[in-house]
Amino acid sequence: MHLEYPYSVHHSIIPDNLCDEIIEEGEKLIKWDGIERKSGITHGFLMKAIGSIVNTANEDNGWNYITEHHDRMYYQKIGWHQYHKWRMNNQSKPTINPEKMNKISFMLSLNQVDIDYHGCYFELAYGAPWTQNYLNRFDELKKGTLIVFPSFLYYRFSPVMGGDRKIISGNLIGPAFA
């Protein structure tokens, strides 16, 4: 499926002080699962604000996917030399409602590249990423920036070369595509 607008970037939508508050809350809850450090996070205002922006992106980008609600949001801390391999979110089942599927994914950057961490670039790809069919590499995501994209796109984080990258990620879920 070709999309005219395969992602949207919303710069500095969350103020720095709220990003710091989310990091503080996330650090209290974080657990190590052997691959990455993450925790489910509930921040009512944040869930409502992000959900609203993601729904608007769904309409404005012409995706018009049927979504019902969001799955859990996760605080993630990606440390030195850690990275995410290429993955798609629509292959995993939502934690809240497993008979549905992830439709739209988002990633909120909570800290600042080249100040709090180095490397760990976010990349999106159409189809098989090993064909180098990249959509974009986001080198300079400012604190509080949200990226929204369909859950069937491949994405990854390159290795962290210094510091810790801190993000919130999540999905809007809905019925399976027909």
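Residues numbered from 1 in each chain as written. Predicted model: local features only at pLDDT ≥ 70, side-chain atom pairs only at ≥ 80, totals over all residues. Heavy atoms only, no water.

1. Thoughts on the overall build of the protein chain
Across its full length, the protein chain holds two helices and 14 strands. Taken across its 178 residues, the protein chain has 51% of its residues classed as buried. Excluding contacts between residues fewer than 6 apart, the proportion of contacts in the protein chain whose partners are at least 24 apart in sequence is 84%. Total accessible area on the protein chain is roughly 8900 Å²; 51% of this is exposed by carbon and sulfur atoms. (Helix = DSSP H or I, 4+ residues; strand = E, 2+ residues; numbered from the N terminus. Buried < 20%, exposed > 50% of the residue type's maximum accessible area, 1.4 Å probe, protein only. Contact = heavy atoms within 4.5 Å. Areas by Shrake-Rupley, 256 points an atom, 1.4 Å probe, with all protein chains shown as cover.)

2. Digging into the pattern of salt bridges
Note that side chains of opposite charge can pair when their charged atoms are close. Under the definition given, this model contains seven salt bridges. For Glu-123, the salt bridge goes to Arg-137, with nearest N and O atoms at 4.0 Å. Of the two residues, Glu-123 sits in strand β9 (residues 122–125) while Arg-137 sits in strand β10 (residues 134–138), which places them 14 residues apart along the sequence. Judged by its relative accessible area of 7%, Glu-123 falls in the buried class. Ionic pairing is found between Arg-137 and Asp-139, a salt bridge with its closest N-O pair at 2.8 Å. Each member of the salt-bridge network shares a partner with another, and the members are Glu-123, Arg-137, Asp-139 and Arg-156. (Salt bridge = Lys/Arg side-chain N within 4 Å of Asp/Glu carboxyl O.)

3. Examining the packing of aromatic side chains
In total, this model carries nine aromatic pairs according to the counting rule given. Aromatic side chains Phe-122 and Phe-138 sit 5.8 Å apart centroid to centroid with 35 degrees between the ring planes, which places their arrangement in the tilted category. Here Phe-122 is found in strand β9, whereas its partner Phe-138 is found in strand β10, with 16 residues between them in sequence. The two residues Phe-122 and Phe-138 agree in class, both being buried. Ring plane angle 50 degrees and centroid distance 5.1 Å describe the contact between Phe-122 and Phe-157, whose orientation is recorded as tilted. Taken together, the residues Phe-122 in strand β9 and Phe-157 in strand β12 (residues 154–157) connect sequence positions 35 residues apart. (Phe/Tyr/Trp six-rings, centres within 6.5 Å; stacked < 30°, edge-to-face > 60°.)

4. Some words on the pairing of β9
Burial along β9 is two-sided: Phe-122 and Leu-124 and Glu-123 and Ala-125, pointing in opposite directions, are all buried. As paired elements, β9 and β12 share four bridges and run antiparallel to each other. Bridge pairing links Ala-125 to Tyr-154 in β12. (Pairing = 2+ DSSP bridges.)

5. What about the environment of Arg-137?
Residue Arg-137 is classed as partly exposed on the basis of its relative accessible area of 42%. The spatial distance from the C-alpha of Arg-137 to the C-alpha of Leu-124 is 6.6 Å, given a sequence separation of 13 residues. Setting aside residues up to four positions removed in sequence, Arg-137 forms contacts with Tyr-121, Phe-122 and Glu-123. Of the polar contacts made by the side chain of Arg-137, one reaches the side chain of Asp-139; its length is 2.8 Å. (Polar contact = N/O pair within 3.5 Å; in protein donor to acceptor, adjacent residues only side chain to side chain.)

6. Here we look at unusual backbone geometry
Even without a glycine there, the phi angle at Asn-64 is positive, about 55 degrees. Here Asn-64 shows up in the loop between α2 (44–60) and β4 (69–70).

7. Thoughts on α2
Along its 17 residues, α2 runs 24 Å from first to last C-alpha, staying within 8% of the 24 Å computed at 1.5 Å per residue. When α2 is considered as a whole, its buried residues turn out to be Leu-46, Met-47, Ala-49, Ile-50, Gly-51, Ile-53, Val-54, Ala-57 and Asn-58. Positive phi shows up at Gly-62, right after α2, with a value of about 75 degrees. (Expected span 1.5 Å × (residues − 1).)

8. Digging into the confidence of the model for the protein chain
Predicted confidence across the protein chain gives a mean pLDDT of 85, with 88% of residues reaching 70 or more. Within the protein chain, no element has a lower average pLDDT than strand β2 (residues 31–32), which sits at 64, and none a higher one than strand β11 (residues 146–150), at 96. (pLDDT = per-residue confidence, 0-100.)

9. Remarks on the environment of Leu-153
Within the element layout of this structure, Leu-153 appears in the loop between β11 and β12. With 64 residues separating them along the chain, Leu-153 and Asn-89 place their C-alpha atoms 7.8 Å apart. Once you skip the residues sitting within four places of it in the chain, Leu-153 turns out to touch Pro-6, Arg-87, Met-88, Leu-124, Ala-125, Tyr-126 and Leu-135.

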